[in-house]
Amino acid sequence: MNTELFPINKEVNVSAFYFKNSATTMKSYPKQIELDGSLVSFADGLSYLVRKGAQIVQLFDMSDGDNTYRLRHAGNQWTLVGMKAGA
């Protein structure tokens, strides 16, 4: 199984979102991105908040069922940081 993240660092457009509701909060996650003219749809994912000095960046590890995509959301910009191939 390949556990290494292949770096991409390319700006992407998130074209759809989904929401997870817990007892105290509701979080949004990217459901679909536009990448090089193709749509990639996600089945599930995790989110992380990372503080870099005074800046807070949100990271998402999203799966399409085969591969994992790491997305960074900072301000209004979405970046595909990298991708990890499935088993």
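The structure under discussion appears in the preceding block.
What counts and what doesn't
Each chain has its residues counted from 1, running along the sequence as written. In keeping with the model being predicted, local features are shown solely for residues with a pLDDT of at least 70 and side-chain atom pairs are shown and tallied solely at 80 or more, while totals for entire chains, interfaces and linings include all residues. In computing side-chain properties, one takes all heavy atoms of the structure into account and sets aside hydrogens as well as water. Geometry of aromatic contacts follows a simple scheme: Phe, Tyr and Trp rings, the Trp one being its six-membered ring, pair when their centres are within 6.5 Å, and the pair is stacked under 30 degrees between planes, edge-to-face over 60, tilted otherwise. A helix here means a DSSP run of H or I that spans at least four residues, while a strand means a run of E at least two residues long, and both kinds are numbered starting from the N terminus. Each residue is placed in one exposure class: buried if its accessible area under a 1.4 Å probe, protein chains only, is under 20% of its type's maximum, exposed if it is over 50%, and partly exposed if it falls in between. A contact between two residues is defined here by any heavy atoms of the two lying within 4.5 Å. Any pair of nitrogen or oxygen atoms within 3.5 Å is treated as a polar contact; in protein, a donor-acceptor pairing is required on top of that, and neighbouring residues in sequence qualify only through side-chain atoms on both sides.

What follows deals with the packing of aromatic side chains. By convention here, two paired aromatic rings are described through the distance between centres and the angle between planes. Scanning the model with the defined rule gives five aromatic pairs in all. Each ring, one from F60 and one from W78, has its centre 5.4 Å from the other, and the planes form 40°; the classification is tilted. In this pair, F60 sits in strand β5 (residues 55-63) while W78 sits in strand β7 (residues 77-84), placing the two residues 18 residues apart along the sequence. Of the two residues, F60 and W78, neither departs from the other in class, the shared state being buried. By the ring-pair criterion, three or more aromatic residues cluster together here, those being F17, Y18, Y29, F60 and W78.

All right, on to the environment of Q32 then. One can find Q32 in strand β2 (residues 26-35). Residues Q32 and M62 lie 30 residues apart in sequence; the distance between their C-alpha atoms is 9.8 Å. Sequence-distant contacts of Q32, that is, excluding residues within four places in its chain, are made with N13, V14, S15, A16, L39, V40, S41 and F42. A polar contact is formed between the side chain of Q32 and the side chain of S41, at a distance of 3.0 Å.

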